[in-house]
Each structure stands twice: as structure tokens, then as C-alpha cells.
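Close look at the chain arrangement
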Amino acid sequence: MSARDLTGPAGPSPVSMVGMVVAVDGTSGSGKSSTCRGVADRLGLSYLDTGAMFRAMTWWMLREGVDVHDAGAVAARCDEPDLVSGTDPTGPTITVDGHDVAAAIRTDEVTSAVSPVSTVPQVRARLLQLQRTIITAHTGSGGIVVEGRDIGSVVWPQAPVKVYLTADPGARAARRALESGAVDVGATEQSLRERDRIDSGRATAPLVMADGAAQLDTTTYTLDEVIGLLVGLVEEAGAQGAAR
Ligand code: DC
């Protein structure tokens, strides 16, 4: 698959963001969340963090005492939790059965259990339905930036803008360690590589670069630079009337 060059000049000013869907996929720690929130905020779009949905499902499984490595057990219960995702980029929220789990889903316990849970096809099917419902609700109005692993390839392949973010594993680990206060950057890198391996190797909706996606290696860019590059891409697509 060919990658588009994102370092050229940004496109013209936005014409309309109505119906805009920006699909952003990539590896753990490539800067997806900060980038997507920044892009959505600058363009007045909504924002959906699908990774948070997989984390919330995982949090619920752990709380219920379900063995996350037993795919049958996870599949049997995955229709039970009521997951609600907020879409404000300046204050994303997520609740499970009415509990605010925004902080609880970021613990090491959830982080190390989320990849096995997200390999279970029934989990993916349930969350796919929720994700499509949320995106559909935004295509008739202001548009949305959606981040994950399979947004451009499976969830919304018709997205007018698809981006695939990557970064050098060492840089990703350093960023994550800085965010979480972890001192052992080597262990963080090992954990990221392990999640990459599971996310890319699973049978259902593996992490791949979607057809037509623009690839950006963020290793040497600042967050502001990456946001600026993506805003340019989205504005260009909006000006061309792609968001319909
Ligand atoms: O983006 P994140 O690190 O919060 O995602 C947590 C996990 O969820 C990630 O390891 C893989 C999974 N995931 C997925 O399988 N598909 C998505 N669309 C989003 C996340």
C-alpha cells in the first residue's frame, strides 16, 4: 500500500465538516489520542476513542472475575455491560453500567488484559455495532474523529479521511512512560511491543494500514505539528466536498 506524503502544504480552508469522518488508526503510543482530540477540537468535530470501549469491556470482565484468557467465557458475557461513550474532545467520558470508568480503564491491570479481550470476535462484533451507531449519529451533523486499530479498515472504510500513525517503539515507550510516570522505559517498550504483536496478529480485524490511508511516522514531529498536518488533510477533504 502506498503512503501519502503528509509533509507538503496544507489544503485550503474548510468548506464544510458536515458528515466528516476522520478514521485514525495506529500502534499503541503513536500519539493517536492526543492528536485526535487536538484535531477534533480545532475543527469543531466530535471525538470517539474506541480503545476506551475495549478497555471498558475489559474493566467489566475483570470486575466480574471473568478469565480474560478464556475466549469462550469472555464471549458468553460480552453483551451484558452497558457502555456509554461521550464524544466531547475536550472531556471524553466513558461509563459502564452508569459508573465513570475513565480513570479505572487506564490501570496496568486493564492495559495488560485488553489485548486478549479485544481478540474475541463476539466482543468486536458488539463494539463494532456501538461504534457504527455513534458514527452514524454524527454523519448527519458535525462530523467526528474516530481513533482505534480497525476504523479505516473495518468500522468505517468509507471515511473521507483515513490516517495511519506510527512511531519508533523507543519513542512511543518514552512518551507513554512520561504520561504514566513509569520509570522503567524498557518495560514500557516491551509491553507496547507485546500489544502490537497481539493487535496485529489477531484473526478478526487486525491492526493494518487501511487502503487509501495516509501514513505518518510521528517519531520526529511534535504533537502540534502532527495536529497541524492532520487538520490540513481534513480541511482539504472538506474543501473537496468529500464529507458527504
Ligand atoms: O488505544 P488503546 O491503547 O487505548 O487501545 C486499547 C486496546 O484496545 C488495544 O491494545 C487494542 C484494542 N483496540 C482494538 O482492538 N480495536 C480498536 N479499534 C481500538 C482498540
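To be clear, the structure that these remarks concern was listed above.
The text that follows walks through the structure, step by step, so that each part is easy to find.

About the cut-offs
Residues numbered from 1 in each chain as written. Predicted model: local features only at pLDDT ≥ 70, side-chain atom pairs only at ≥ 80, totals over all residues. Heavy atoms only, no water. Near = heavy atom within 4 Å. Polar contact = N/O pair within 3.5 Å; in protein donor to acceptor, adjacent residues only side chain to side chain. Helix = DSSP H or I, 4+ residues; strand = E, 2+ residues; numbered from the N terminus. Nonpolar A, V, L, I, M, F, W, Y, C, P; charged D, E, K, R; others polar. Salt bridge = Lys/Arg side-chain N within 4 Å of Asp/Glu carboxyl O. Buried < 20%, exposed > 50% of the residue type's maximum accessible area, 1.4 Å probe, protein only.

A few words on the site of the ligand. Neighbouring the ligand are 15 residues, the closest being Arg55, Arg124, Asp150, Arg195 and Arg202. Arg124 has a polar side-chain atom sitting 2.8 Å from an oxygen atom of the ligand. Residue Asp150 places a side-chain N or O atom 2.8 Å away from a nitrogen atom belonging to the ligand. By residue number, the principal contributor to the shell around the ligand is helix H2 (residues 50-63), which donates four residues. When the residues that make up the shell around the ligand are grouped by side-chain class, the tally is two nonpolar, five polar and eight charged.

A word on the environment of Gly72. Tracing the sequence through the fold places Gly72 in helix H3 (residues 71-77). The spacing of Gly72 and Thr119 is 47 residues in sequence and 11 Å in space, taken between C-alpha atoms.

Moving on to the pattern of salt bridges. Taken as a whole and assessed by the stated rule, the structure comprises 11 salt bridges. For Arg126, the salt bridge identified is with Asp79, shortest N-O distance 4.0 Å. Highlighted residues: Arg126 in helix H5 (residues 121-139) and Asp79 in the loop between H3 and strand E3 (83-85), separated in sequence by 47 residues. One salt bridge in this structure joins Arg124 and Asp150, with 2.9 Å as the shortest N-O distance. In this pair, Arg124 is assigned in helix H5 and Asp150 in the loop between strand E6 (144-148) and helix H6 (151-155), connecting sequence segments 26 residues apart. The class for Arg124 is buried, based on a relative accessible area of 6%. Since its relative accessible area comes to 5%, Asp150 is described here as buried. Taken together, the shared-partner salt bridges connect Arg63, Glu64, Arg77 and Glu80 into one network.

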